2 protein chains.
Amino acid sequence: MGLRFANRVQSMKASAVREMLKLTAAGDVISFAGGLPPNECLPVDETQAVVARVLAEHGPRALQYSTTEGCASLRAAIAGRMRRRLGVEITAEDVLVTTGSQQALDLTGKVFLDEGDVVFCESPTYLAAISAFRPFGAGFADVPSDEHGMVVTELERMLAACERRALVYVVPDFQNPSGRTWSLERRLELLQVAERYEVPVVEDAPYRELRFEGEELPALFSLDRGGRVVFTSTFSKILSPGLRVGWIAAPLPLLEKYVLAKQAADLHTPTLTQLIVSAFVEAHDLDAHIAGIRRVCRERRDAMLRALAQHLPRQVGVTRPAGGLFLWLELPQPLDAREWLRLCLARGVAFVAGDAFHPNGGGEHAARICFSGTPEPRIEEGVKRMAAALRELPGAGSLSWPTRAAA
Amino acid sequence: MGLRFANRVQSMKASAVREMLKLTAAGDVISFAGGLPPNECLPVDETQAVVARVLAEHGPRALQYSTTEGCASLRAAIAGRMRRRLGVEITAEDVLVTTGSQQALDLTGKVFLDEGDVVFCESPTYLAAISAFRPFGAGFADVPSDEHGMVVTELERMLAACERRALVYVVPDFQNPSGRTWSLERRLELLQVAERYEVPVVEDAPYRELRFEGEELPALFSLDRGGRVVFTSTFSKILSPGLRVGWIAAPLPLLEKYVLAKQAADLHTPTLTQLIVSAFVEAHDLDAHIAGIRRVCRERRDAMLRALAQHLPRQVGVTRPAGGLFLWLELPQPLDAREWLRLCLARGVAFVAGDAFHPNGGGEHAARICFSGTPEPRIEEGVKRMAAALRELPGAGSLSWPTRAAA
């Protein structure tokens, strides 16, 4: 055929999670892989009523083209919610609706990244951000991170050593994949350093509202005084991922660039799904709805932590996230989580091996576990399968198994 | 603030059409600018019923994440329709669902275009394709085109002279903006030349089903024997643009690259809108629905041609499209369509000036007129306003006005 593709195609690879989603769509596989919100919390009946309302109110406009920035009612609803929840002074004009927050990442690449530029991110970092940024020819500086968030002194050192610093990408609340939440101190430090090095900061906050315990911490977007934070979030985890409605809030000089990039990407997010979300927010108590999701996710986190403690050897490190959908496992060296995953898939349980979250290598001993998408009894069954697979893993002989663990 | 954007941001500009859409959303403006299908044909009641069916049948799955390739039922429906309508042997596996066909253009840029590559296109060409390809650093070779389509001998000459030929982009049926349709001969010639120069061909076919008269001609995708045609179309003009459901059909080695690019762009097209489209196609006779759209569009084309003949000077060139949504006006030199547009906007009527469709300059004397989005009486009123504005245009004194034309 003799067809030539763009160079960037070589850097594209199928997302481990998306491939897993396909796999787990078939058969009796318990999947802790994809970051699915609980099926039980998806508002099926409410959507039916809301669509009736949208079509009655908007008629053909609900099915016609709309503006790139997004539907006025939804932009206003998002701005209102951000004012109330984050204490920021923004209006609908400061909001761009996106086709899920994955699009916000793609647009971020378009707006900020030239070939050879460097993205500074946590280690580990969100794998779909790697997939979004890499095709723009970006490299990654994965900054050492601990239980308080990114180690900002390390970030500063790395920024100073880099001539092509393009942006800092972070998930400060219940990070994907680690589940960790940044301390206030680290948030303030990050903004100071970003100010000093004049880099934009992209704050990805899809899980922020899913806090199970402890005090909410201010968003970077709320703390920013320099007009350099781009905030992105989504209705995927608090309402429905299948609607693909996310958003960006940013200072206008930044947002304008995103609008231009989005225009060329898909003209606009579907009118109907936008109006469904804004009508849902108008007709229902979104806070109460989110409280329900939070409760289910917390129960599942607890069930997952119990099952892991009960069935896995104590040498396996487990994070305890205060919210969100994910926790992070670390096998003792030299055990390889990719090998473990292969054994797990054969036994009908899936997760994502940690290497997917490391743009420059690493993470071979780690695994991301999503606890939110699986009902409780299946969580324990899945962990039992993981434990059984782990027993088969070369090098697992030296592990100390819990005395009550099932083989 | 000191923030630095990617170089490509300089090449991004707001689409003339999208900006016009915003403008015309307010006040008593008659817009011939955006390519809107008739509001009267948007299936509002049917959508209500279809959503009920989708939610009953799929439950939470309709609101959950789905695969990047698209929902199985929709991919199968698209493949089935293409088999029947285009006589091509494809299956659901050959189809990727996109978030409108604008996304197909963006993904085309991602898959094929490196900085400095050249896209070969008709002259004039679709402005949103220019916006989609330019951010990837592509240049354009706009190939002379006449009423039979692209002049392929010119294309061949230009391909031979170019070292960075990346792809040929064409709209063979009822082209946007000119309204012209390629002859069979030109289609066959194009494929021969593409084969000889080993370039992929992107066939953008959103208007193909909206033929008012004459014989349907085979799609390039149907004629292709070399596996080098990427076919893209959309439900925007035959069902609803607000749902943003388009697709790509292509040989698998090509389609696989598009899937990877889409994964990073927005994970997947909204599950709900995909299921709405596939359930609509299942529950209703889409051919009959399209016949209704075709009838309305044809009536509006005729009303537009009548009004233009009645109110504009005979020196204004007017194409007579055999289908689609658009026709193309050419003012006699040295009249400037951009000036005319300014005067028109002041009188409450909008179109898109021809320069927007010329990536390398030109088209200043031309205008794209969309006839499909405006009911008949408003069409004549809009053309009267255009005529009144034209009388004010510097240099218009020498035009011969129809004797019955209203001032």
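Residues numbered from 1 in each chain as written. Chains lettered and ligands numbered in written order. Predicted model: local features only at pLDDT ≥ 70, side-chain atom pairs only at ≥ 80, totals over all residues. Heavy atoms only, no water.

The next thing to look at is the overall build of chain A. Looking only at helices and strands, one finds 13 helices and 14 strands in chain A. Against the globule reference of 22 Å for 407 residues, chain A gives a C-alpha radius of gyration of 21 Å, in line with a compact fold. Expressed along its principal axes, the backbone C-alpha trace of chain A runs to roughly 60 × 60 × 55 Å. By the burial criterion, 64% of the 407 residues in chain A qualify as buried. Expressed as a percentage of contacts within chain A between residues at least 6 apart in sequence, the contacts between residues at least 24 apart total 75%. (Helix = DSSP H or I, 4+ residues; strand = E, 2+ residues; numbered from the N terminus. Rg over C-alpha atoms; globule rule 2.2 N^0.38 Å. Buried < 20%, exposed > 50% of the residue type's maximum accessible area, 1.4 Å probe, protein only. Contact = heavy atoms within 4.5 Å.)

Across the boundary between the two partners, chain B contributes 82 residues, which contact 82 residues of chain A. D106 of chain A is the partner of K110 of chain B in a salt bridge, and the nearest nitrogen-oxygen pair spans 2.6 Å. At the junction of chain B with chain A, the criterion picks out 36 residue pairs in polar contact (both at pLDDT 80 or more). Top element by residues in the side of chain B that touches chain A is helix α9 (residues 252-266) of chain B. It accounts for nine residues. By residue class, the composition of the side of chain B that touches chain A is 38 nonpolar, 27 polar and 17 charged. (Salt bridge = Lys/Arg side-chain N within 4 Å of Asp/Glu carboxyl O. Polar contact = N/O pair within 3.5 Å; in protein donor to acceptor, adjacent residues only side chain to side chain. Nonpolar A, V, L, I, M, F, W, Y, C, P; charged D, E, K, R; others polar.)

All names here are of chain B. Reading across from one edge, β2-β10-β9-β8-β7-β3-β4 is the order of the seven strands in this open sheet, with mixed pairing throughout. Of all strands in the sheet, those with a lone pairing partner are β2 (95-98) and β4 (139-143), marking the two edges. Across the sheet, the axes of successive neighbouring strands diverge by a mean angle of 20°, strand direction being ignored. Two elements, strand β7 (residues 165-170) and strand β8 (residues 201-204), share three bridges in a ladder whose sense is parallel. For Y169, the partnering residue across the bridge sits in β8 and is V202. (Pairing = 2+ DSSP bridges. Axes fitted to C-alpha atoms, helices over the stretch in contact; angles between N-to-C directions.)

The next point concerns the relation of the copies chain B and chain A. Rotating chain B by 180° and translating it 0.0 Å along the rotation axis places it on chain A, where the RMSD comes to 0.0 Å. Taken together, these values place the two copies in the relation of a two-fold axis. In this assembly the copies share their binding face: 100% of the residues contributing to the interface of chain B also contribute to that of chain A. (Least-squares fit on C-alpha atoms with pLDDT ≥ 70 in both.)

Let's shift gears to the packing of aromatic side chains. Scanning all chains against the criterion turns up 18 aromatic pairs over all chains. A connected cluster of aromatic rings, assembled from ring pairs, spans F5 of chain A together with F112 and Y258 of chain B. (Phe/Tyr/Trp six-rings, centres within 6.5 Å; stacked < 30°, edge-to-face > 60°.)

All right, on to the pattern of salt bridges then. One pass over the structure, following the stated rule, counts 60 salt bridges over all chains. For D287 of chain A, the salt bridge identified is with R81 of chain A, shortest N-O distance 2.9 Å. Note that D287 of chain A is positioned in helix α11 (residues 286-311) and R81 of chain A in helix α3 (residues 72-86), a separation of 206 residues in sequence. In this structure D287 of chain A comes out as partly exposed when scored by relative accessible area, which is 30%. A salt bridge links R342 of chain B to E339 of chain B, with the nearest nitrogen and oxygen atoms 2.7 Å apart. Here R342 of chain B and its partner E339 of chain B are both found in helix α12 (residues 337-346), three residues apart, which amounts to about one turn of the helix. By relative accessible area, R342 of chain B is classed as exposed at 51%. The network of salt bridges with shared partners includes R81, R84, R85, D173, R187, R208, E209, E216 and D287 of chain A.

Residue and element names in this part refer to chain B. As a packed pair, helix α3 (residues 72-86) and helix α10 (residues 271-283) sit with axes 8 Å apart at the nearest point and diverge in direction by 50°. Our classification of the angle between α3 and α10 gives oblique. You can see that α3 and α10 cross each other, and the crossing is left-handed. Contact with α3, carried on its side by S73, L74 and A77, involves Q274, L275, V277, S278 and V281 of α10 and no other residues of that element. Residue classes in the contact of α3 with α10 are distributed as five nonpolar, three polar and no charged. (Parallel < 35°, antiparallel > 145°, perpendicular 65-115°, else oblique. Left-handed = near helix turned anticlockwise from the far one by under 90°.)

Another point: the environment of Y126 of chain B. Residues and elements named next belong to chain B. Among the secondary structure elements, Y126 is positioned in the loop between β3 (118-122) and α5 (127-133). A relative accessible area of 16% means that Y126 is categorised as buried. Residues in contact with Y126, not counting those within four places in the same chain, are Q102, L105, Y169, Q175, N176, P177, D204 and F357.

Side-chain direction in a regular strand flips from residue to residue, so the side chains alternate between the two faces of the sheet. Residues and elements named next belong to chain B. In terms of residue burial, β4 counts as a mostly covered element, since four of its five residues are buried. When β3 meets β4, the two strands line up parallel, connected through five bridges. Bridging across to β4, E122 finds its partner in V143. Running through α5, the crossover from β3 to the neighbouring parallel element β4 is right-handed. (Right-handed = clockwise from strand over helix to strand, strands pointing away.)

This part is about the packing of helix α9 (residues 252-266) of chain A against helix α4 (residues 100-112) of chain B. Packing of α9 of chain A against α4 of chain B leaves a shortest axis separation of 5 Å and a crossing angle of 100°. In terms of orientation, α9 of chain A and α4 of chain B fall into the roughly perpendicular class. In this structure, α9 of chain A contributes Q263, A264, A265 and D266 of chain A to the contact, and α4 of chain B contributes Q102, Q103 and D106 of chain B. Tallied by class, residues from the contact of α9 of chain A with α4 of chain B come to two nonpolar, three polar and two charged.

Let us now look at the side chain of K237 of chain A. Inspection of the secondary structure puts K237 of chain A in the loop between β8 (229-234) and β9 (246-249). It turns out K237 of chain A is buried and unbridged, and the closest side chain with the opposite charge, D204 of chain A, is 9.4 Å from it. At a separation of 2.6 Å, a polar atom in the side chain of K237 of chain A contacts the side chain of Y65 of chain B. If we skip the residues at most four places from it in the chain, K237 of chain A touches G35, P37, P206, Y207, L210, I293 and L325 of chain A together with Y65 of chain B. (Lys, Arg positive; Asp, Glu negative; His and termini not counted.)

Attention now moves to the sheet that holds strand β6 (residues 165-170) of chain A. All names here are of chain A. Taking strand neighbours across the sheet as the criterion, the eight strands line up as β2-β9-β8-β7-β6-β3-β4-β5 in an open arrangement whose pairing is mixed. Edge positions in the sheet fall to β2 (95-98) and β5 (149-150), since each of these pairs with one other strand and no more. On top of the sheet, α3 reaches β2, β8 and β9; it is set at about 115° to β2, its chief contact. Against the sheet, helix α6 (residues 152-160) makes contact with β3 (118-123), β4 (139-146), β5 and β6, and its axis sits at roughly 155° relative to β4, the strand it touches most.

Turning to the confidence of the model for chain A, a few remarks are in order. Summary statistics for chain A give a mean pLDDT of 95 and a share of 96% for residues scoring 70 or more. Here the predicted complex carries an ipTM of 0.95, next to a pTM of 0.96. (pLDDT = per-residue confidence, 0-100.)

What follows concerns α9 of chain B. All names here are of chain B. Along its 15 residues, α9 runs 21 Å from first to last C-alpha, staying within 8% of the 21 Å computed at 1.5 Å per residue. Among all positions in α9, only L254, L255, Y258, V259, A261, K262, Q263, A264, A265 and D266 are buried. Backbone geometry just downstream of α9 places L267 in the positive-phi region, at approximately 65°. (Expected span 1.5 Å × (residues − 1).)

Ranked by size, the top nonpolar core spans 293 residues in total, and within it Y169 and W340 of chain A together with Y169 and W340 of chain B carry the most contacts. When residues no more than four places from it in sequence are discounted, the contact partners of W340 of chain A are L312, L329, L331, F351, M386, A389, L390 and L393 of chain A. (Core = buried A, V, L, I, M, F, W, Y, C linked by side-chain atoms within 4.5 Å.)

Turning to its location among the elements, T99 of chain A is positioned in the loop between β2 and α4 (100-112). In this structure the side chain of T99 of chain A is engaged in a polar contact, spanning 2.7 Å, whose partner is the side chain of D266 of chain A. Polar contacts involving the side chain of T99 of chain A include one to the side chain of T269 of chain A, which spans 2.9 Å. Discounting residues that sit within four places of it in the chain, T99 of chain A has contacts with R244, K262, D266, T269 and P270 of chain A together with T99, D266 and P270 of chain B.

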